[in-house]
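Inside the fold
In case you want the letters, here they are:
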Amino acid sequence: MAEDTDDRNRRLAEARYEVAHPRPSVVAAIAALGLRSGQRVLDAGCGPGAQLGLLLDAVSPDGRVVGLDLDSDNIEVAAALWPDQLASGA
């Protein structure tokens, strides 16, 4: 159990770092999508969710982003990464 918690905490720390320091290639790829306010985005295979915030920024204020992943650990990390957005339904 402690190993699972340690792994989750490590993955959350890595995702938080990526949110704070997004790779230029990821920023450019999301910009190239041409997303606009009000659009809805599905990030299938979102992993721990580090890019969900960039996507949400692109479709805000009226858009919505949904992150899906087959790995429940990734979903837990993404939920911990974006608790306010999750609570608001963004």
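See the structure above.
All values derive from a computational prediction rather than experimental measurement.

Digging into the overall build of the protein
- Of regular secondary structure, the protein possesses five helices and two strands.
- The dimensions of the protein, computed from C-alpha atoms along their principal axes, are 40 × 30 × 20 Å.
- The buried share of the protein, taken over its 90 residues, is 27%.
- Each charge class in the protein can be summarised by its mean position, and for the 8 positive and 14 negative side chains these summaries are 7 Å apart.

Thoughts on the layout of surface pockets
- Put simply, the largest pocket is a space of about 350 Å³.
- Along its surface, the largest pocket is lined by 15 residues, and Leu52, Val65, Val66, Gly67 and Leu86 are the ones closest to its centre.
- Put simply, the parts of the chain that give the lining of the largest pocket at least two residues each are α3 (52-59), β2 (64-68), α4 (72-81) and α5 (83-88).
- A per-element tally of the lining of the largest pocket places β2 first, with four residues.

Here's the deal with the nonpolar core
- Counting 15 residues, the largest nonpolar core has Val41, Leu52, Leu55, Val59, Val65 and Leu81 as the members making the most contacts within it.
- The residues touching Val41, leaving out its near neighbours within four places in the chain, are Leu35, Leu55, Val59, Arg64, Val65 and Val66.

Some details on the pattern of salt bridges
- Using the criterion set out here, one finds six salt bridges in the structure.
- Across the pair Arg10 and Glu14 runs a salt bridge, and its minimum N-O distance is 2.9 Å. Here the residue Arg10 and the residue Glu14 both occupy positions in helix α1 (residues 2-20), the gap between them amounting to four residues, near one helical turn.
- By relative accessible area, which is 40% here, Arg10 ends up partly exposed.

Notes on a nonpolar patch on the surface
- A contiguous nonpolar patch, built from Leu42, Val66 and Leu68 and spanning about 260 Å² of accessible area, is present on the exposed surface.
- Relative to the helices and strands, Leu68 is located in strand β2.

A short note on the environment of Gly38
- With respect to the secondary-structure elements, Gly38 resides in the loop between α2 (24-32) and β1 (40-44).
- Between the C-alpha atom of Gly38 and that of Val19, which follows or precedes it by 19 residues, the distance is 22 Å.
- Ignoring any residue separated from it by four or fewer positions in sequence, one finds Gly38 in contact with Val59, Asp62 and Gly63.

Criteria and thresholds
- Residues numbered from 1 in each chain as written.
- Predicted model: local features only at pLDDT ≥ 70, side-chain atom pairs only at ≥ 80, totals over all residues.
- Heavy atoms only, no water.
- Helix = DSSP H or I, 4+ residues; strand = E, 2+ residues; numbered from the N terminus.
- Buried < 20%, exposed > 50% of the residue type's maximum accessible area, 1.4 Å probe, protein only.
- Lys, Arg positive; Asp, Glu negative; His and termini not counted.
- Charge placed at Lys NZ, Arg CZ, Asp CG, Glu CD.
- 1 Å grid on protein atoms, 1.4 Å probe; cavity = no way out; pocket = protein on both sides within 12 Å on 5 of 7 lines; lining within 4 Å.
- Points joined across faces, edges and corners; volume = space filled by probe spheres on them.
- Core = buried A, V, L, I, M, F, W, Y, C linked by side-chain atoms within 4.5 Å.
- Contact = heavy atoms within 4.5 Å.
- Salt bridge = Lys/Arg side-chain N within 4 Å of Asp/Glu carboxyl O.
- Patch = residues over 30% accessible without salt bridge, like charges linked within 9 Å, V, L, I, M, F, W, Y side chains within 5 Å.
- Areas by Shrake-Rupley, 256 points an atom, 1.4 Å probe, with all protein chains shown as cover.

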